[in-house]
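Report on the structure
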Amino acid sequence: MNIIRKAYCRTFQTVFRIAIPILPYRKPEILEGIDSVARLFRKKGIKRALLVTDKSIRDFGITKGLEEDLKTHGIRCYVYDRTVANPTTDNVEEARILYLKGNCQAIIGFGGGSSIDCAKAVGARIAKPYQTLSQMKGILKVHKRIPPLIAIPTTAGTGSETTLAAVITDAKTRHKYPINDFPLIPRYAVLDPEITRTLPKGLTATTGMDALTHAVEAYIGRSTTKETRADATEAVRLIFENIFDAYEDGNNVEARKNMLTAAYLAGSAFTKSYVGYVHAVAHSLGGRYNVPHGLANAVILPHVLEAYGSSAYKKLHDLAVVIGISVPQESHKTGAEKFIAAVKEMKLRLDIPDTIKEIRKKDVPRLADFAEKEGNPLYPVPKLMDALELEKFYYDVMER
């Protein structure tokens, strides 16, 4: 990256870092248990709500308890269950129409990050009916308060229940882009380990590493605060201590609960301190090939950490100390290498592949261009890279 472009990116990031204390960040109010939603709605006088989820979650009966509880309390629940793995503009418009048809007063995002992101985008379209989602992509373009939003994560990974971001895929172009604004932070989050017990091992693994990626990228970036550093390091500690137990025994409620807490903390960290090139590359793969976001992050993470080199050594060493595989007296380089090795070992133990089979060589320049546009100048990464430099990561994880 040329020096002028670097200067622009770092200036842009510095302005946002300085502004963090005065920006309206907030954390959702945590609700205990699914049955707390109906009580909240009764208290708020909400009689009709839109539930945004996906077909598999509903077919498994995971939303049944909530739907029945709302009905018992006289609250009409309209269900949109066609959300796909990388939610599209079509999903959002279909759900928006159902919201309006039912004259709803609130939105519930129930599922993984896809369902919660879809619910956020529906809220944005309700708040700004005369603007398309593409006109709201980027940062601080929603502006208006959205309907009350309750997030109920069924995976311990995305952190979408606490972030200001919704990631949407254009149904026609397959371009995947984030919408970032404070009104998108859910008002409430239900962290209930019981509804994560049926999560398959593969999803437990990839969503757990998704949360790890959030925490690591937030911590090693250049826009951290005392609070985000604390949230990120606690998330990393909880993930290393609990992900294998949750993976091996889905009924380990304590491990499931700790993973939900870790995902929440990681989300709280990156919503202020942002992520980095791992996410930028992963988003391009999700948009082009529909690669699940957690899987893409898990595969790419060690490659990007290694590429950051000495610019990330100190902070990666910090994380190695946090998880007990290094000591403060070791060199930053040694500690960083130990942490990256631990990430690779985590991938191996969780049976996560080293490659992404969908990547096609002819697509790489365009994918890298999308990643560069997302990452620069917004993400305060340890080391700046342009599109040509980002191409390396696609080749690193491409099947030979």
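Everything below is about the structure shown above.
Residues numbered from 1 in each chain as written. Predicted model: local features only at pLDDT ≥ 70, side-chain atom pairs only at ≥ 80, totals over all residues. Heavy atoms only, no water.

Observations concerning the sheet that holds strand S9 (residues 188-190)
Here six strands make up an open sheet; going across it, the order is S1-S9-S6-S4-S2-S3 and the pairing parallel. With one partner strand each, in any of the chains shown, strand S1 (29-31) and strand S3 (76-80) form the two edges of the open sheet. Within the sheet, the average angular offset between the axes of one strand and its neighbour, ignoring direction, is 25 degrees. For strand S2 (residues 48-52) and strand S4 (residues 106-111), the ladder comprises four bridges, and the chain directions are parallel. Pairing of Leu-51 across the sheet is with Ile-108, part of S4. Sheet strands touched by helix H5 (residues 89-101): S2, S3 and S4. Its angle to S3, the strand with the most contacts, is close to 160 degrees. (Pairing = 2+ DSSP bridges. Helix = DSSP H or I, 4+ residues; strand = E, 2+ residues; numbered from the N terminus. Axes fitted to C-alpha atoms, helices over the stretch in contact; angles between N-to-C directions. Contact = heavy atoms within 4.5 Å.)

A few points about the packing of helix H7 (residues 201-220) against helix H12 (residues 313-322)
Between two packed helices, what matters for the description is the angle formed by their axes and the separation of those axes. Look at H7 against H12: their axes get within 9 Å of each other, and the N-to-C directions meet at 130 degrees. By the angle class used here, H7 and H12 are oblique. For the element pair H7 and H12, the recorded crossing hand is right-handed. For the pair formed by H7 and H12, the contact residues are Val-216, Tyr-219 and Ile-220 on the first element and Lys-315, Leu-316, Asp-318 and Leu-319 on the second. When its residues are assigned to classes, the contact of H7 with H12 shows five nonpolar, no polar and two charged. (Parallel < 35°, antiparallel > 145°, perpendicular 65-115°, else oblique. Left-handed = near helix turned anticlockwise from the far one by under 90°. Nonpolar A, V, L, I, M, F, W, Y, C, P; charged D, E, K, R; others polar.)

Quick look at the sheet that holds strand S5 (residues 138-139)
Taken together, three strands build an open sheet; the order of strands is S5-S8-S7 and the sheet is mixed. Unpaired on one side and paired on the other, S5 and strand S7 (165-169) mark the two borders of the sheet. As judged from the five bridges shared by S7 and strand S8 (residues 176-180), these two strands associate in the antiparallel manner. If you follow Ala-166 over to S8, its bridge partner there is Ile-179.

Structural notes on helix H11 (residues 293-308)
For H11, with 16 residues, the first-to-last C-alpha span of 21 Å sits near the 22 Å given by 1.5 Å per residue. Where H11 bends most, the angle comes to about 40 degrees, and this point is Ile-300, followed within four residues by the proline Pro-302. The inward-facing, buried residues of H11 contact S8, H7, helix H10 (277-289), H12, helix H13 (332-349) and helix H15 (387-397). After H11 finishes, the residue Gly-309 shows a positive phi value of roughly 60 degrees. (Expected span 1.5 Å × (residues − 1). Bend = angle between axes of the 7 residues up to and from the residue.)

Examining unusual backbone geometry
Geometrically, the link from Asn-376 to Pro-377 is a cis peptide bond, its omega value of 10 degrees lying close to zero. Residue position: Pro-377 is located in the loop between helix H14 (364-375) and H15. A positive phi is found at Asn-103, a non-glycine position, where the angle reads about 55 degrees. Mapped onto the secondary structure, Asn-103 falls in the loop between H5 and S4. For Tyr-274, which is not glycine, the phi dihedral falls at a positive 70 degrees. Relative to the helices and strands, Tyr-274 is located in the loop between helix H9 (253-273) and H10.

Notes on the nonpolar core
Counting residues in each nonpolar core, the largest one holds 85 residues, and the members touching the most others are Leu-212, Leu-285, Leu-316 and Phe-339. The dominant element in this core, judged by the number of residues it contributes, is helix H8 (residues 226-248), at ten residues. With residues near it in sequence (within four places) discarded, Leu-285 still touches Asn-290, Val-291, Ala-296, Ile-300, Ile-356, Ile-359, Leu-367 and Tyr-394. Counting residues in each nonpolar core, the second largest holds 25 residues, with Ala-95, Ile-107, Ala-127 and Val-142 among its members. (Core = buried A, V, L, I, M, F, W, Y, C linked by side-chain atoms within 4.5 Å. Buried < 20%, exposed > 50% of the residue type's maximum accessible area, 1.4 Å probe, protein only.)

Focus: the pattern of salt bridges
Taken as a whole, this structure holds 25 salt bridges when the rule is applied. The closest approach of N and O atoms between Arg-237 and Glu-234, which form a salt bridge, is 2.6 Å. Of this pair, Arg-237 and Glu-234 are both found in helix H8, three residues apart, which corresponds to roughly one turn of the helix. The salt bridge partner of Lys-347 is Asp-354, with a shortest N-O separation of 2.6 Å. With a relative accessible area of 52%, Asp-354 lands in the exposed category. Three or more residues joined by partner-sharing salt bridges are found here, namely Lys-27, Glu-227, Asp-231 and Lys-272. (Salt bridge = Lys/Arg side-chain N within 4 Å of Asp/Glu carboxyl O.)

In short, the description is geometric, and any link to function would need to be established separately.
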